[in-house]
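Reading the structure
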Amino acid sequence: MGVKFSVIIPIFNASAYLRECIDSVLHQTYGKYEIILINDGSTDDSFDICKEYAKANCDIQAYTKNNEGLSATRNYGLDVCQGDYIVFLDSDDYIESESLQKFNAVIEKTGADIVTSYAYHVDTDGNQHKSRPFLADAESPMSGTEFFKKSLYQNNLRACAPFYITNKKLIDKYNLRFQSGLYHEDELWTPKLLFYAEKVIDLPFYFYNYRLSNIQSITRDPSKKMKRALDRMQIACELSDFFSAYTQKQYDCFQDNIAAQYMY
């Protein structure tokens, strides 16, 4: 039968890219999904676009709320979604048409808690560039800790939440939510997610198209440089507190990542 995916799309002033983002899900070769559109207080016509799509397609739900930032908006999506597996998709990005079909095939075969995959970087002319090589020696299922260690020491760690297609039961079991008010919130969420995961599949497939041309992105706004730095330091401290109870050698990789976060 296949699993049902919940594609959660937080939206803030994304009208220039939003249609391409939503259409990339509607054009999937696998049809068992819901699209959760959450307008985070946009001042452009983003919510009008959301309502237009929701009216035309029963698999789309459109919500709107006051502006609270990406973390709170993703959390809202986690609270209202009904799918088996979560896919986070930023509203200025888009995914390849066979993505959900490939993820479902892996999940049905292995029962993975998490399927993780890769991204293209899309330049201002719309050209795709592979963001990184595939992880080496990652053909078999592994624990989240094993995956984290392998990725970290191959300089291939992907902290970005959209790269992790995750069983909703795992997220709910450990109440994994994004911390509001932080930049680089994925750097705090993803290590905890992987720590709890028993079975991770690294799928060698470029599925996500990460747009480099959106100058409004927080990660590329030079005025937010100090806030980003301070938040990374805070994340390092919070992760240190979280992992302080785990002194076994197998968890050294998390401590190494914490040190890297702080020094960054």
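The paragraphs below set out a description of the structure included in this document. Just so you know, these numbers come straight off a predicted model, no measurement behind them. (Residues numbered from 1 in each chain as written. Predicted model: local features only at pLDDT ≥ 70, side-chain atom pairs only at ≥ 80, totals over all residues. Heavy atoms only, no water.)

Quick look at helix H1 (residues 18-26) now. An α-helical turn contains 3.6 residues, so a residue and the one three or four places further along point in the same direction. The set of residues buried in H1 consists of Leu18, Cys21, Ile22, Ser24 and Val25. Within H1, the buried residues cover an arc of 150° as seen down the axis, which keeps them to one side. Lining the buried residues of H1 we find strand E1 (5-11), strand E2 (33-40), helix H2 (46-56), strand E3 (60-65) and strand E5 (94-95). (Buried < 20%, exposed > 50% of the residue type's maximum accessible area, 1.4 Å probe, protein only. Helix = DSSP H or I, 4+ residues; strand = E, 2+ residues; numbered from the N terminus. Arc of directions from axis to C-beta. Contact = heavy atoms within 4.5 Å.)

With respect to the secondary-structure elements, Tyr183 resides in the loop between helix H6 (168-173) and helix H7 (186-196). Note on Tyr183: relative accessible area 17%, which makes it buried. Residues Tyr183 and Ala229, 46 residues apart in the sequence, show an inter-C-alpha distance of 8.9 Å.

Generally, phi is negative for residues other than glycine and the peptide bonds are trans, each holding for most cases. Of note in the backbone geometry, Asn13 takes a positive phi value of approximately 50° without being a glycine. Mapped onto the elements, Asn13 comes out in the loop between E1 and H1. Judged by relative accessible area, Asn13 falls into the partly exposed class, the value being 21%.

The grouping of Met226, Leu230, Met233 and Tyr262 at the surface amounts to a nonpolar patch, some 420 Å² of accessible area in total. In terms of residue count, the dominant contributor to the nonpolar patch is helix H8 (residues 225-243) (3 residues). Along the chain, Leu230 turns up in helix H8. For Leu230, a relative accessible area of 47% corresponds to the partly exposed category. (Patch = residues over 30% accessible without salt bridge, like charges linked within 9 Å, V, L, I, M, F, W, Y side chains within 5 Å. Areas by Shrake-Rupley, 256 points an atom, 1.4 Å probe, with all protein chains shown as cover. Salt bridge = Lys/Arg side-chain N within 4 Å of Asp/Glu carboxyl O.)

This next bit is on the state of the cysteines. This model, assessed by the stated rule, comprises 0 disulfides. Just so you know, Cys21 is unpaired, no disulfide at all, and the nearest cysteine sulfur is the one on Cys50, 9.5 Å from it. A residue is classified by how much of its surface remains accessible, and Cys21, at 0% relative accessible area, is buried. Free of any disulfide, Cys160 has its nearest neighbouring cysteine sulfur in Cys21, separated by 13 Å. (Disulfide = S-S within 2.5 Å.)

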